[in-house]
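# Structural overview
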Amino acid sequence: MTIKEFKLPDVGEGVAEGELVSWLVAPGDRVEEDQPVAEVETDKALVEVPSSYDGTVEELFVEEGEMVPVGDVIISFRVDEEGDAEAGASDDADSAAASDSEPDATADEADASAGDTAPDAEPAAESEPDTPSGRTFAPPSARRLARELGVDVAAVDGSGPGGRVTEADVRAHAEGGAAASGGGSDGDAPTPRPAPTDTGSGERKSAVSKRGSADSAAGAGGDAPEPAGRETTLATPATRKVARERDVDLDDVPTDETRDGEAFVTAEAVNAYADALESPAEPTAEPEPVDAEPADAEATPEPAATDAAAASGTASTERDGDETVPYRGVRRTIGKQMERSKFTAPHVTHHDTAEVDALVEAREELKPKAEARGVKLTYMPFVMKAIVAGLKAHPYLNSELREDEEEIVLKREYNLGIAVATDAGLMVPVVDDVDEKGLFELADEVNDLAARARERKLKPDEMKDGTFTITNFGAIGGEYATPIINYPETAILGLGAIEERPVVREGADGDSEVVPAPTLPLSLSIDHRVVDGAIAAEFANTVMEQLEHPLLLLTE
């Protein structure tokens, strides 16, 4: 029997991390290959992670609710030799590839691992099964504490059974490392980084020095952090953009994280490194007051008072009964997307109202035929076809601005996103090629996507490549809004509730009169860099014409 580790796979294109929502297994459970073992929430979907092995669950390395980078070990299995040979073939191939690409690093890690585990070899043999070379066993709480303190858990000497690392071991290692950092650093440390400083949270320390802090290692010493000087660094496109904006070379940013054997840098690490580079110049202009004042206790109460004020504010918040909810997963993704859109594209919203007597009658006439085909016919397919007519007449609303290339791409596909409210937040499944589909086909597809969005069962591919978005806030209530564009799209149309409202029409005697009639309020937000107000009004007029005369939709 051997122990096989399972890493969090990339459960969606470009996903760098996910929240482990729940475990579907427990240590000691028997699992089969492809059996779901955990639920992981990514940017837009909740997905089940299947096992790659037939075997028994040995250990869970991550707690529910914890954010896990792709490539981190989340679970281990006890696998027999036959299962190991079959299910582990791909892992062995990956390991061989990693060994070929980084022979020196692998050798160094093996040496360090052998040195760390040698004293505990005898107890481990008695109380623990065979484990992969270099693996350190620690409960999720100890691993989380290690990350918070900036400690490599693999470098901690475990005092538990079989060398298992406890929280006390992590704290002891962190305190010992902090004490030793003043005299020098471990020669085996993978990359230099700023010394941990107290952030006012008890024993927990931050691995990034506060910018402008008097206790900052960079500020005290006046020396910028030493560049890592790597040849290869992995990072997400968003992180690379941050590096360009901060004028930082990614290969110089210190990091302990790796992906597939290569150094992995986050946007937070880039910002911390950039701040550390800038911070030495800030405190250098203020040495005189320090020398002029006597070295007494008067200088220290001010930051202490600040910390105390912050602490008292936190405590009062807790006493008031406020609830703290994690800002991550879908909610964080929505927030980042909304912030990016609102602060990138100058929004202008155009409001109008369509009189839709004929549309209501057309839907009522077609509903029995739709039901006979097992389709629930709503107003959405009619609106979608009207929008396509408007986009064909005014293509700049079906476009994308690419600022780096200094060009506007006019899309020839009509892929409409439909915003769906779910318990986890707003999701936008995309209906492809709306111009090529009929009303009933669109109704069936929209209903299916909306239902699966609410159940969190959408696939990542079903929320990609939209060219225009519709948000139907009228289904909940309301007439007008100022919807935020689903960037990098150029426009979004908000639909109010179809209700009878007063309208002015010509009476039988030729005089104007106010009568009740079903109307549909429209709220069109545009990116004013690409679309002018006049074009937005013309687009709205085209859409309203199609909705007020639904027979025109037959031409689309």
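Preceding block: the structure.
Structural notes, computed from the coordinates.

Conventions used here
- For every chain, the first residue of its written sequence is number 1, and the numbers climb from 1 along that sequence.
- Under the rules for a predicted model, residues below a pLDDT of 70 receive no local features and side-chain atom pairs below 80 are neither given nor counted, while totals for whole chains, interfaces and linings still include all residues.
- Only hydrogens and water are set aside; all other atoms, that is, all heavy atoms of the structure, feed into the side-chain values.
- The rule for pairing is simple: two strands pair if DSSP sees at least two bridges between them.
- Only runs of H or I of at least four residues qualify as helices and only runs of E of at least two qualify as strands under DSSP, and these elements are numbered from the N terminus.
- By this rule, a helix spans an expected 1.5 Å times one less than how many residues it contains.
- Buried means the residue's accessible area, taken with a 1.4 Å probe over protein chains only, is under 20% of the maximum for its type, while exposed means over 50%, and partly exposed covers the values in between.
- Here, residues are in contact when the closest pair of their heavy atoms is within 4.5 Å.
- The convention used is that axes are lines fitted to C-alpha atoms, helices contributing only their stretch in contact, and that angles between N-to-C directions extend from 0 to 180 degrees.
- Put simply, two rings from Phe, Tyr or Trp (the six-membered ring, in Trp's case) pair if the centres are within 6.5 Å, and we call them stacked under 30 degrees between planes, edge-to-face over 60, tilted for the rest.
- Two conditions define a charge located above a ring, namely a distance within 6 Å from the ring centre to NZ of Lys or CZ of Arg, and an angle within 35 degrees of the ring normal.

## Some details on the pairing of strand 15 (residues 407-410)
Regular strands place side chains that alternate from one sheet face to the opposite one. With 4 bridges connecting them, strand 14 (residues 399-402) and strand 15 associate as antiparallel partners. Bridged to L401 within strand 15 is I408.

## Here's the deal with helix 16 (residues 533-548)
Its 16 residues place the ends of helix 16 22 Å apart at the C-alpha level, agreeing with the 22 Å of an ideal helix rising 1.5 Å per residue. Taken as a whole, helix 16 has its buried residues at A536, F539, A540, T542, V543, M544, Q546 and L547. At its buried positions, helix 16 is contacted by strand 13 (347-355), helix 13 (357-372), helix 14 (380-393), strand 19 (468-471) and strand 22 (512-527).

## Overview of the sheet that holds strand 4 (residues 36-41)
Overall, antiparallel pairing links the 4 strands, which are arranged 5-4-2-7 in an open sheet. This sheet does not close on itself; its edge strands, each paired only once, are strand 5 (46-50) and strand 7 (67-69). Neighbour to neighbour, the strand axes of the sheet diverge by 45° on average, direction disregarded. Both strand 2 (residues 17-23) and strand 7 contribute to a ladder of 3 bridges, which runs antiparallel. Across the sheet, residue G18 finds its bridge partner in strand 7, namely V68.

## Overview of the sheet that holds strand 1 (residues 2-7)
The strand order across the open sheet built from 4 strands is 1-8-6-3, with neighbouring strands paired in antiparallel fashion. Where the open sheet ends on each side, the last strands, each with one partner, are strand 1 and strand 3 (30-31). Here 4 bridges tie strand 6 (residues 55-60) to strand 8 (residues 73-79), and the two strands are oriented antiparallel to one another. Bridge assignment links V57 to a residue of strand 8, and that residue is F77.

## Focus: the packing of aromatic side chains
For the coordinates displayed, the defined rule picks out 3 aromatic pairs. Each ring, one from F6 and one from F77, has its centre 6.5 Å from the other, and the planes form 70°; the classification is edge-to-face. Placement of the pair is F6 in strand 1 and F77 in strand 8, with a sequence separation of 71 residues. The exposure class of F6 is buried, given its relative accessible area of 8%. With a centroid separation of 5.8 Å and 45° between ring planes, the pair formed by F468 and F539 is classed as tilted. Within this pair, whereas F468 is found in strand 19, its partner F539 is found in helix 16, the two being separated by 71 residues in sequence. Put simply, the rings of F6, Y53 and F77 pair up and form one aromatic cluster. Between R363 and the ring centre of Y379, over which it is positioned, the NZ or CZ distance is 4.5 Å.

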